[in-house]
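The primary structure of each chain is shown beneath.
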Amino acid sequence: MPAEHHNGVDDDGSERAIRSLGVIGAGTMGSGIAQVAAMAGIEVMLVDQADAWLDQGLKAIADDLDRSVQKERMTGQQRDTILSRITGSTAMADVGDCDLVIEAVNESFATKASVFGAVADVVLPDAIIVSNTSSISITALAGTIPNPGRVAGMHFFNPVQILKLVEVIRGIQTSDATLGRVHALAAAMGKTAIDVTDSPGFVANRLLIPMINEAVFCLAEGVANAGAIDEVMKLGAAHPIGPLALADLIGLDICLDIMETLHSDFGDDKYRPAPLLRQMVSAGRLGRKSGSGFHEYGDQ
Ligand code: NAI
């Protein structure tokens, strides 16, 4: 018989490990989180709103693991074992047995709040519910469901398979037990967790996205072309990738969403989005994922 668990603490008083993870949203981040968790031996239920999105996410995971097999970083058998830990679904009820559910749906408060509500309806009352939001208030999201102490932010970075950092965000209501289990999950996934409090954009995006936004202003004003702006920051500031190439990697729609959150939540015009960023998003030039952004990516 498994031991009785209360508030995520085992009978011996240690934090209970996360054994089953629900991931909502099989896009860039959700598929990466699901893959890294499965590689860490965790059973994953990956949920998206429709088969087309789900299949795309599962294919991205399989393709990435195939590349690892080709490069002899893992065997075909290891790949198959990892894939067997990931179950895809379009039914939210399927995360009902998960110890922790992380949402990685689009960066919209309304969408995330509706996903939080749907998850809270199906999981156990002490299951942890986490958001991978880039900028939205964890405190506000937690306030939309009962038992908000079980909510925290886990801000993974893209590509999840490679970047080590997870910003762990503590909302006003987040309990110590929740934070302990979130840290345990980050460690199990091989990530370095850094605690930050709940503030618009947290730390990484409060610094990074206004820099990208300023690069877009420079481009629009003709200070330099996109390639030159990126080279300046690579060669002059030792950034591994220029700000406009980084915007293309993140997705220009996500960058705009984050700028809008910084602008509205701080109420400070220094965070106003560059009009050119808005125009690029309106034109559907979202960066790598659409094949075109500040740079061109051809067929991918
Ligand atoms: P994405 O657009 O690649 O994927 C979003 C997925 O969520 C799509 O597959 C969509 O079908 C699904 N979805 C939307 N509503 C849903 C619902 N109600 N139920 C189930 N699935 C639903 O977005 P991406 O880039 O993966 O971003 C997801 C979240 O992660 C956002 O909050 C974003 O701010 C955050 N994030 C993004 C990073 C990036 O570099 N793209 C980095 C760190 C965080």
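J.: Explain the nonpolar core here, please?
T.: Nonpolar side chains in soluble globular proteins tend to be buried together. Of all hydrophobic cores here, the largest spans 35 residues; its most connected members are Leu21, Leu100, Ile102, Met154 and Phe156. Among the elements that take part in this core, helix 1 (residues 28–39) stands out by supplying six residues, more than any other. Each residue touching Met154, except ones within four places of it in the same chain, is listed here: Ile102, Val130, Ser131, Asn132, Val166, Glu167, Val182, Leu185 and Ala186. Counting residues in each nonpolar core, the second largest holds 24 residues, with Val105, Ala127, Val151 and Phe202 among its members.

J.: Looking at this structure, how should I read the packing of helix 10 (residues 252–266) against helix 11 (residues 275–282)?
T.: Pairs of packed helices are described in terms of their axes, by the angle between the two and the distance that separates them. Orientation of helix 10 relative to helix 11, taken along the N-to-C sense of each, is 135 degrees, at an axis distance of 9 Å. The pairing of helix 10 with helix 11 is recorded here as oblique in orientation. As for how helix 10 packs across helix 11, the hand of that crossing is left-handed. For the pair helix 10 and helix 11, contact is made by Leu252, Asp253, Cys255, Leu256 and Glu260 and by Leu277, Arg278, Met280 and Val281, respectively. Split by residue class, the contact of helix 10 with helix 11 holds six nonpolar, no polar and three charged.

J.: How should I be thinking about the packing of helix 9 (residues 243–250) against helix 10 in this particular structure?
T.: Between helix 9 and helix 10, the least distance of the axes is 6 Å, while the angle of their chain directions is 100 degrees. If you check the angle between helix 9 and helix 10, you find them roughly perpendicular. In this structure, helix 9 contributes Ala247, Asp248 and Ile250 to the contact, and helix 10 contributes Leu252, Ile254 and Cys255.

J.: Would you mind showing me how to read the site of the ligand here?
T.: Around the ligand, the surrounding shell holds 24 residues, and the nearest of these are Asp48, Gln49, Glu107, Lys112 and Ser134. Within the backbone of Val105, a nitrogen or oxygen atom sits 3.2 Å from an oxygen atom of the ligand. Within the backbone of Ile250, a nitrogen or oxygen atom sits 3.2 Å from a nitrogen atom of the ligand. Mapped by element, the contributors of at least two residues to the shell around the ligand are helix 1, helix 4 (109–122) and strand 6 (151–156).

J.: Where do I start with helix 2 (residues 51–70) in this structure?
T.: Because an α-helix completes one turn every 3.6 residues, residues spaced three or four positions apart along the sequence face the same direction. Its 20 residues place the ends of helix 2 28 Å apart at the C-alpha level, agreeing with the 28 Å of an ideal helix rising 1.5 Å per residue. Close packing links the buried residues of helix 2 with helix 1, strand 2 (43–47), helix 3 (76–84) and strand 3 (86–89). Within two residues after helix 2, Glu72 carries a phi angle of roughly 60 degrees, on the positive side.

J.: Where do I start with the sheet that holds strand 1 (residues 20–24) in this structure?
T.: Within a sheet, adjacent strands bond to each other through the backbone by hydrogen bonds, running parallel or antiparallel. Pairing is mixed in the open sheet, where eight strands are placed in the order 3-2-1-4-5-6-7-8. Whereas interior strands pair on both sides, the edge strands pair on one side only; in this sheet they are strand 3 and strand 8 (192–197). Across the sheet, the mean angle from the axis of one strand to that of its neighbour is 25 degrees, orientation sign disregarded. With four bridges joining them, strand 2 and strand 3 adopt parallel strand pairing. Bridged to Val44 within strand 3 is Ile86. Sheet strands in contact with helix 4 are strand 1, strand 4 (100–103), strand 5 (128–131) and strand 6, and its direction is about 165 degrees off that of strand 5.

J.: I tried to follow the pattern of salt bridges on my own but got confused; where do I start?
T.: One side chain can pair with another of opposite charge once the charged atoms of both are near each other. Per the counting criterion, the structure on display carries 10 salt bridges. Between Lys59 and Asp63 there is a salt bridge whose closest N-O contact spans 2.7 Å. Remark: Asp63 and Lys59 occur in helix 2; sequence separation between them is four residues, near one turn of the helix. Classification of Asp63 as partly exposed rests on a relative accessible area of 29%. Note that Asp176 and Arg170 form a salt bridge whose closest N and O atoms lie 2.5 Å from each other. Asp176 gets classed as exposed once you look at its relative accessible area, which sits at 58%. Taking relative accessible area as the criterion, Arg170 reaches 32% and is therefore assigned partly exposed.

Reading guide: rules and limits
Residues numbered from 1 in each chain as written. Predicted model: local features only at pLDDT ≥ 70, side-chain atom pairs only at ≥ 80, totals over all residues. Heavy atoms only, no water. Core = buried A, V, L, I, M, F, W, Y, C linked by side-chain atoms within 4.5 Å. Buried < 20%, exposed > 50% of the residue type's maximum accessible area, 1.4 Å probe, protein only. Helix = DSSP H or I, 4+ residues; strand = E, 2+ residues; numbered from the N terminus. Contact = heavy atoms within 4.5 Å. Axes fitted to C-alpha atoms, helices over the stretch in contact; angles between N-to-C directions. Parallel < 35°, antiparallel > 145°, perpendicular 65-115°, else oblique. Left-handed = near helix turned anticlockwise from the far one by under 90°. Nonpolar A, V, L, I, M, F, W, Y, C, P; charged D, E, K, R; others polar. Near = heavy atom within 4 Å. Polar contact = N/O pair within 3.5 Å; in protein donor to acceptor, adjacent residues only side chain to side chain. Expected span 1.5 Å × (residues − 1). Pairing = 2+ DSSP bridges. Salt bridge = Lys/Arg side-chain N within 4 Å of Asp/Glu carboxyl O.

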